[in-house]
Amino acid sequence: MQTLIKRNAESTILNDLRTFPVVAIFGPRQCGKSTLAKMLRKHIKNFLYLDLESPADLRKLDDPELFFDANKENTICLDEIQRKPDLFPVLKSFIDRYRKTSRVIILGSASGDLIRQSSESLAGRISFIELTPFVMTEVADLRNYALSFHWFRGGYPDSLLSPDDSTSNRWRENFIRTFIERDIPQLGVNIPALKLRRFLTMCAHNQGQLLNSSKLAGSLGVSYHTIRNYIDLLEQTFVVRTLKPYEPNIKKRIIKSPKVYIRDSGLLHSLLEIENFNELMGHPVFGASYEGFVLENILAELQNWRGLFYRTSSGNEIDLILTKGTKRVAVEIKASKAPNLSRGFWGALDDMRINDAWIIAPVEESYPIKQRVTVSGMDHFIRHMKGNGH
């Protein structure tokens, strides 16, 4: 029996429930949303959980108004809410009648249309929280934890906590197959499974590279617009991230295509058939894999910052620009303990006149290399950002 691991989002959820009558927790399937919701029971009196993938629980909502009215004193948790989107108007009416006493937690594995529907009907009544697979700060205290272990297996609980790499690999392969063959069709999307698997694998081979929709379309024998639809779908289901370019008001020719990442490093390695960390170290995707792993951890921990990248046609480039209001922090990600920086990095800092730059690398201690530039491990950087009022 696996030990339940406290999630960073728990305190945010409990705090938001004091202010908002509805808290929405979104994230990919199998990332731990249901486990987190059930862990909230120890903090919440009269907690009622319904799994909308269970026919028995779904039948309880045949007359949703009657059900909600009968349970107005409970905190109602509705898991896999995308299975019953017609609940949103009923929820609005219910919350408006019992806003002071009733609380609802909704969990979902697909974002796009679901967020739009809930935002329209529950505007001003709902808080949105994205739950990712495990990040480093949640699991670093586990016995025998190692960065390479987390990086190779990714953050999905059943993959990361598997007894060995072989079991982890099988879990991730089954996750990908189920995602393609069951989850996507359940969203009402009809894409041939082999074609979607091939597209995901192509994205994995292009980890951290500029998205070239025309080239991908030619390889798959589909249109440019079909590729954009695939990307949108995979973003909405939290499997792919596109990182948009930072476009400062400077006289430089800025690359305007987004970069594409498989969000979970473990899924990336399964798509590329990499079976252990030693194989990863010898694979061409090694550096891009580390970049994506660090990127996801940073953006998950610093959700009040916007993440972008910077690249000019002349080759000046920074992997990640974090922005919040007028604040800007540059982050370059290197998979080496002795990172080398290109002229393009220094040129990019000069382009944007950034005075706070970090090189994230697998190092034990932080150290400055110039007045405005610090080499650091990911954990130290995240603590610094959280501890300095950022």
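Rules used in this analysis
Residues numbered from 1 in each chain as written. Predicted model: local features only at pLDDT ≥ 70, side-chain atom pairs only at ≥ 80, totals over all residues. Heavy atoms only, no water. Axes fitted to C-alpha atoms, helices over the stretch in contact; angles between N-to-C directions. Helix = DSSP H or I, 4+ residues; strand = E, 2+ residues; numbered from the N terminus. Parallel < 35°, antiparallel > 145°, perpendicular 65-115°, else oblique. Left-handed = near helix turned anticlockwise from the far one by under 90°. Contact = heavy atoms within 4.5 Å. Nonpolar A, V, L, I, M, F, W, Y, C, P; charged D, E, K, R; others polar. Pairing = 2+ DSSP bridges. Core = buried A, V, L, I, M, F, W, Y, C linked by side-chain atoms within 4.5 Å. Buried < 20%, exposed > 50% of the residue type's maximum accessible area, 1.4 Å probe, protein only. Phe/Tyr/Trp six-rings, centres within 6.5 Å; stacked < 30°, edge-to-face > 60°. Lys NZ or Arg CZ within 6 Å of the ring centre and 35° of its normal. Expected span 1.5 Å × (residues − 1). Right-handed = clockwise from strand over helix to strand, strands pointing away.

## Looking at the packing of helix α11 (residues 193–205) against helix α12 (residues 213–220)
Remark: α11 packs on α12, axes separated minimally by 11 Å, with the N-to-C direction vectors making an angle of 140°. As far as their axial angle goes, α12 and α11 are oblique. Regarding α11 and α12, the two cross each other, and that crossing is right-handed. Of α12, the residues touching α11 (which contributes Lys195, Arg198, Phe199 and Met202) are Leu216, Ser219 and Leu220. Counted by class, the contact of α11 with α12 contains 4 nonpolar, 1 polar and 2 charged residues.

## Topic: the sheet that holds strand β13 (residues 367–370)
Spatially, 6 strands are ordered β9-β10-β11-β12-β14-β13 in an open sheet, and the strand pairing comes out mixed. Whereas interior strands pair on both sides, the edge strands pair on one side only; in this sheet they are β9 (306–311) and β13. Taking the axes of each pair of neighbouring strands and ignoring which way they run, one obtains an average angle of 30° across the sheet. Sheet topology places strand β12 (residues 357–360) next to strand β14 (residues 373–376); 4 bridges connect them, and they run parallel. Each residue of the ladder has a partner; that of Ile359, found in β14, is Val375. Helix-sheet contacts for helix α16 (residues 286–301) involve β9, β10 (317–324), β11 (327–333) and β12, and the interaxial angle to β10 is about 5°.

## Topic: the sheet that holds strand β6 (residues 209–210)
Neighbouring strands of a sheet are bound in pairs by backbone hydrogen bonds; such pairs are parallel or else antiparallel. With antiparallel pairing, 3 strands are arranged side by side in an open sheet as β6-β8-β7. If you trace the sheet from one side to the other, it starts and ends with β6 and β7 (240–243), each paired once. Across the face of the sheet, helix α13 (residues 224–236) comes into contact with β7 and β8 (259–262) while running at roughly 110° to β7.

## A few points about the nonpolar core
Where a protein is soluble and globular, its nonpolar side chains tend to be buried together. Counting residues in each nonpolar core, the largest one holds 85 residues, and the members touching the most others are Ile298, Leu322 and Phe381. Each residue touching Phe381, except ones within four places of it in the same chain, is listed here: Ile298, Leu302, Leu322, Val329, Val331, Trp358, Ile360 and Ser376. The next biggest cluster of nonpolar side chains, apart from the first, holds 22 residues, and it includes Val22, Ala24, Phe88 and Val90.

## What about the side chain of Ser270?
Position of Ser270 among the secondary structure elements: in helix α14 (residues 265–271). Using a relative accessible area of 9% as the deciding quantity, one classes Ser270 as buried. Beyond its immediate stretch of four places on either side in the chain, Ser270 contacts Asn169, Arg172, Glu173, Ile176 and Arg197.

## Describing unusual backbone geometry
We note that Asn46 has phi near 55°; this positive angle belongs to a residue other than glycine. Position of Asn46 relative to the elements: it lies in the loop between α2 (33–39) and β2 (47–51). Positive phi, close to 70°, is recorded for Asn144, a residue that is not glycine. Mapped onto the elements, Asn144 comes out in the loop between α7 (136–139) and α8 (147–153).

## Looking at the packing of aromatic side chains
One pass over the structure, following the stated rule, counts 13 aromatic pairs. Relative to Tyr230, the ring of Phe199 lies with its centre 5.3 Å away and its plane at 70°, an arrangement referred to as edge-to-face. With a gap of 31 residues between them, Phe199 in helix α11 and Tyr230 in helix α13 connect regions that are remote in the sequence. This pair shows no difference in class: Phe199 is buried, exactly as Tyr230 is. Aromatic rings pair up to connect Phe67, Phe68, Phe94 and Tyr98 into one cluster. The ring of Phe152 is capped by Arg172, whose NZ or CZ atom sits 5.1 Å from the centre of that ring.

## Notes on α11
Given a rise of 1.5 Å per residue, 13 residues ought to cover 18 Å, and the 18 Å separating the end C-alpha atoms of α11 matches this to within 8%. Every buried residue of α11 is accounted for by Leu196, Phe199, Leu200, Thr201, Met202, Cys203 and Ala204. Those residues of α11 hidden inside the fold are in contact with α10 (165–186), α12, α13, β7, β8 and α14.

## Notes on the pairing of strand β3 (residues 75–79)
For a regular strand, side-chain orientation follows a simple rule: the groups alternate between the two sheet faces. The buried count for β3 comes to 5 of 5 residues, which makes it a mostly enclosed element. With burial as the criterion, each face of β3 is covered, one bearing Thr75, Cys77 and Asp79 and the other bearing Ile76 and Leu78. Two strands pair when backbone bridges link them, and β2 and β3 are joined in this way by 5 bridges, in the parallel orientation. Bridge pairing in β3 places Tyr49 opposite Cys77. Sheet topology places β3 next to strand β4 (residues 103–108); 4 bridges connect them, and they run parallel. What sits directly across from Ile76, in β4, is Val104. Following the backbone out of β3, through helix α5 (residues 87–98) and into the adjacent parallel β4, one traces a crossover that is right-handed.

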